[in-house]
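Below are the chains, spelled out letter by letter.
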Amino acid sequence: MAQKGEVLVEVRDMCKNFGVTVALNHVNIQFKRGEIRGLIGENGSGKSTVSSIIAGIQPATSGEMFYKGKPWKPATSLEASNNGIGMIVQEAGTIPGITVAENIFLGNYKPFKKGPFVDRGKMNAAAGAALEKVGITNINPAFPTSRYDMQERKLIEIAKVMAGDPELFIVDETTTALSHSGRELLYQIMHKAADDGKAVVFISHDLAELMEHCDTLTILRDGVIIDNLEKKEFEANDIKHKMVGREVKDNYYRSDSDGYGDEVVLKADCITTMNDLLCFSLELHRGEILGIGGLSECGMHGLGRALYGLDEVVDGQVVLTKDNVVVKNAETAFRHKMGYVSKNRDQESLELNASIGANIQSVGYRKNRIFGPFISGRKCSCTVKKQATENNR
Ligand SMILES: Nc1ncnc2c1ncn2[C@@H]1O[C@H](COP(=O)(O)OP(=O)(O)O)[C@@H](O)[C@H]1O
Ligand SMILES: [Mg+2]
């Protein structure tokens, strides 16, 4: 019988390179049964890379892994999940065009096969049970996944991973996509898994959340393990210091604001949209950083979309005051030099199958046009190079 405290997964001397980027640099780490281990480090420190290698999503460049004491080298994520390693990935982990049940059992339709056909009734019932098992009752397994929002899709993913009853459960930056109740649900699932003698890997940017829910923490910096801490050693400033490699003052992210002037650059004048807003007004001034916060369903994302002309404003208007332009659609916003980073970046902003260059170019076609519908390949590659180098530090 498996014992709590027993090493379930071990990574030894692992390296991973992407071209010249060293994502993991001789990493050693152990995940034990009964433990929630947090991984913390700045963006790009290697948290997702090490987790995804364990979960069979990509191979390591060198190094070894052991799972239940035996060498472990999964060729695919399906091989990993069939063997009890389940990961909720940082990006979207469901396919929008298929049903919720199809997502939950993707790659595992066998139990529902009736000759060449899939018994949908049986599969939907099993998916319903999988959702219920993790406490989700308001999602219909027969519906297309595209009907559900980002948070609900993450919950579907959680149900999918938990349906496989994983021994190692990896949660990669999932809580940022969840509202308060979704988070509470996930914490419960993680704690239950650990209590049942499974091992949990919890990746998050929220230090307070990690300190509260983890038993142990591993700190990564530039692909190197800086320290492993036990719960009694957790101390916020010490952890931040180790993450960034120097003392972190309160104003680490931004020196204190110099204030802003009187000039209004963007104005929402009692705007109403079909879904989120009812006579909402705001004024944004030159030099101002205006924060908008609230719970997941409060309408803040709809506000962002409406300001950029993506959601139709049915009453009132959004005005760029300098040119006195009413923002009626995203093209107007874009032409008048508004920028918008979407909440669902991998669905709304990026074409993941296209190259990085094509994605960058997609906003510059007008600039790179020669005449009519023709664009200059040379100008395009210059734009891409310029954007890529200027924005990379
Ligand atoms: N598919 C990839 N291609 C190229 N570089 C990558 C890829 N995935 C990750 N990296 C790089 O590897 C490093 C570690 O990334 P990652 O593991 O995603 O960090 P974290 O999850 O800690 O934010 C970063 O420098 C990142 O840019
Ligand atoms: Mg990551």
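Residues numbered from 1 in each chain as written. Chains lettered and ligands numbered in written order. Predicted model: local features only at pLDDT ≥ 70, side-chain atom pairs only at ≥ 80, totals over all residues. Heavy atoms only, no water.

### Section: the sheet that holds strand β6 (residues 85-88)
Read across the open sheet, the 6 strands follow the order β6-β9-β10-β3-β11-β12; overall the sheet is mixed. Strands at the two margins of the open sheet, each flanked by one partner only, are β6 and β12 (224-230). Neighbouring strand axes in the sheet, compared pairwise and without regard to direction, differ in orientation by 15° on average. Helix α5 (residues 150-163) contacts β6 and β9 (168-172) of the sheet and is inclined by roughly 175° relative to β6. Its contacts with the sheet put helix α8 (residues 236-244) on β3 (36-40), β11 (216-221) and β12, and the angle it makes with β11 is roughly 30°. (Pairing = 2+ DSSP bridges. Helix = DSSP H or I, 4+ residues; strand = E, 2+ residues; numbered from the N terminus. Axes fitted to C-alpha atoms, helices over the stretch in contact; angles between N-to-C directions. Contact = heavy atoms within 4.5 Å.)

### Some thoughts on the state of the cysteines
Tallied over the full model, the rule gives 1 disulfide. Residue pairing for C270: its cysteine sulfur links by disulfide to C279, the two sulfurs lying 1.8 Å apart. Here the S-S torsion is close to -115°, and the disulfide linking C270 with C279 is therefore left-handed. The class of C270 is partly exposed, set by a relative accessible area of 27%. Taking relative accessible area as the criterion, C279 reaches 43% and is therefore assigned partly exposed. (Disulfide = S-S within 2.5 Å. Buried < 20%, exposed > 50% of the residue type's maximum accessible area, 1.4 Å probe, protein only.)

### Side note on the side chain of D311
Position of D311 relative to the elements: it lies in the loop between α9 (300-307) and β15 (313-320). Of the polar contacts made by the side chain of D311, one reaches the side chain of R305; its length is 2.9 Å. When neighbours within four sequence positions are excluded, D311 is seen to be in contact with D276, G302, R305 and A306. (Polar contact = N/O pair within 3.5 Å; in protein donor to acceptor, adjacent residues only side chain to side chain.)

### Points about the coordination of the magnesium ion (ligand 2)
Around the magnesium ion (ligand 2), the protein supplies S48 (OG) and Q90 (OE1) as donor atoms, at distances of 2.0 to 2.1 Å. With S48 in helix α1 (residues 47-54) and Q90 in the loop between β6 and α3 (100-104), this pair connects stretches of sequence that are 42 residues apart. (Donors = N, O, S within 2.8 Å, 3.2 Å for Na, K, Ca; no water.)

### What to know about the pattern of salt bridges
Between side chains of opposite charge, a pair can form as their charged atoms come close. If you walk through the whole model with that rule in mind, you get 18 salt bridges. For D119, the salt bridge identified is with K114, shortest N-O distance 3.8 Å. For D119, a relative accessible area of 21% puts it in the partly exposed group. The salt bridge involving K154 is made with E157; its shortest N-O contact spans 2.9 Å. Residue K154 and its partner E157 are both found in helix α5; the two are separated by 3 residues, about one turn of the helix. Through salt bridges with shared partners, a single ionic network connects E6, R33, K68 and E167. (Salt bridge = Lys/Arg side-chain N within 4 Å of Asp/Glu carboxyl O.)

### Some remarks on the nonpolar core
Judged by nonpolar contacts, the single largest core of 44 residues is most densely connected at I104, F169, M190 and I239. Here this core takes 7 residues from helix α6 (residues 180-195), the largest share from any one element. Discounting chain neighbours no more than four positions away, the residues touching I104 are A127, A130, L131, I156, A159, K160 and A163. Among the nonpolar cores identified, the runner-up in size contains 25 residues, and V9, L39, L168 and A199 belong to it. (Core = buried A, V, L, I, M, F, W, Y, C linked by side-chain atoms within 4.5 Å.)

### Quick notes on the confidence of the model for the chain
Of the residues in the chain, 95% have a pLDDT of 70 or more, and the chain-wide mean is 90. Confidence over residues 251-256 falls short of pLDDT 50; this stretch has 4 contacts with residues more than four positions distant or in other chains. (pLDDT = per-residue confidence, 0-100.)

### Remarks on the sheet that holds strand β14 (residues 280-285)
Taken in spatial order, the 4 strands of this open sheet run β14-β13-β15-β16, and their pairing is antiparallel. Because the sheet does not close on itself, it has two edges, and the strands there are β14 and β16 (325-326). Pairing analysis gives 6 bridges linking strand β13 (residues 264-273) to β15, with the strands arranged antiparallel. Note that in β15 the partner of K267 across the bridge is V319. The sheet strands contacting α9 are β13, β14 and β15, and the helix crosses β13 at an angle near 115°.

### Some thoughts on the site of ligand 1
F18, T21, A23, E42, N43, G44, S45, G46, K47, S48 and T49 make up every residue found near ligand 1. Contact distances for ligand 1 include 2.5 Å between an oxygen atom and a side-chain N or O atom of T49. Considered on its own, ligand 1 offers 560 Å² of accessible surface; in the complex 61% of this is hidden by protein. Within the residue set of the shell around ligand 1, elements represented by two or more residues are β2 (21-32) and α1. (Near = heavy atom within 4 Å. Areas by Shrake-Rupley, 256 points an atom, 1.4 Å probe, with all protein chains shown as cover.)

### What to know about the packing of helix α4 (residues 120-133) against α5
Viewed as axis vectors pointing N to C, α4 and α5 meet at an angle of 100°, and their least axial separation amounts to 8 Å. As judged from the angle between their axes, α4 and α5 are roughly perpendicular. When α4 is examined against α5, the residues A130, L131 and K133 are found in contact with a partner set consisting of I156, A159, M162 and A163. Looking at side-chain class alone, the contact of α4 with α5 contains 6 nonpolar, no polar and 1 charged residues. (Parallel < 35°, antiparallel > 145°, perpendicular 65-115°, else oblique. Nonpolar A, V, L, I, M, F, W, Y, C, P; charged D, E, K, R; others polar.)

### Quick look at unusual backbone geometry
A positive phi angle is found at K68, which is not glycine, with a value near 50°. Within the secondary structure, K68 is located in the loop between β4 (62-67) and β5 (70-71). Its relative accessible area of 43% is what places K68 among the partly exposed residues. The backbone of C279 shows a phi angle near 45°, a positive value even though the residue is not glycine.

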